[in-house]
Amino acid sequence: MNGVMTLSLELMTGVLAQEEPRQTGPDFGKASPFGLIVVVLLLIGVFLLVWSMNRHLRKLPESFDETPDESDQAGDGTTGVVAETEPDLDPGPAIENPSDGTKREQG
């Protein structure tokens, strides 16, 4: 069993060693000018994103802590926020079911 593995490994090595390299032209292994263009465009894009982000960050306040408003006249700690009222809970007109004659509320 071990001899068969060794023989097959030697045969594969011999077959692979007989093949010549496929790409051996004068430009083989060199970068193309297209790659340089892609890299430069990516760098310009990153620069513009960082520049835009910095502009937006400058617009933010130094701190997001709430400051007391001028409308806090009572001194009780409230900031003059008006409480929301409950919505109108009127269910609307009743709808009659023609099949059994019962009425139900719409809503």
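Tallying secondary structure elements over the protein chain gives two helices and two strands in all. In the protein chain, the succession of helices and strands from N to C terminus is α-α-β-β. For the protein chain, buried positions account for 0% of its 107 residues. Counting only carbon and sulfur atoms, one obtains 62% of the accessible surface of the protein chain, whose full area is about 10,800 Å².

Nonpolar side chains collect at one region of the surface, where Leu36, Ile37, Val40, Leu41, Ile44, Phe47, Leu48 and Trp51 lie side by side and expose about 830 Å² of accessible area between them. Mapped onto the fold, Leu48 is located in helix α2 (residues 33-58).

Looking now at helix α1 (residues 2-18). End to end, α1 covers 25 Å across 17 residues, agreeing with the expected 24 Å (1.5 Å per residue, within 8%). Burial of α1 is sparse: only zero of the 17 residues sit out of reach of the surface.

Now for the confidence of the model for the protein chain. Interpretation of the predicted coordinates at a detailed level should be avoided for regions scoring low in pLDDT. Scored by pLDDT, the protein chain comes out at a mean of 76, with 64% of its residues at no less than 70. Of all the helices and strands in the protein chain, strand β2 (residues 103-105) carries the lowest mean pLDDT, 63, while α2 carries the highest, 95.

Scoring rules and cut-offs
- Residues numbered from 1 in each chain as written.
- Predicted model: local features only at pLDDT ≥ 70, side-chain atom pairs only at ≥ 80, totals over all residues.
- Heavy atoms only, no water.
- Helix = DSSP H or I, 4+ residues; strand = E, 2+ residues; numbered from the N terminus.
- Buried < 20%, exposed > 50% of the residue type's maximum accessible area, 1.4 Å probe, protein only.
- Areas by Shrake-Rupley, 256 points an atom, 1.4 Å probe, with all protein chains shown as cover.
- Patch = residues over 30% accessible without salt bridge, like charges linked within 9 Å, V, L, I, M, F, W, Y side chains within 5 Å.
- Salt bridge = Lys/Arg side-chain N within 4 Å of Asp/Glu carboxyl O.
- Expected span 1.5 Å × (residues − 1).
- pLDDT = per-residue confidence, 0-100.

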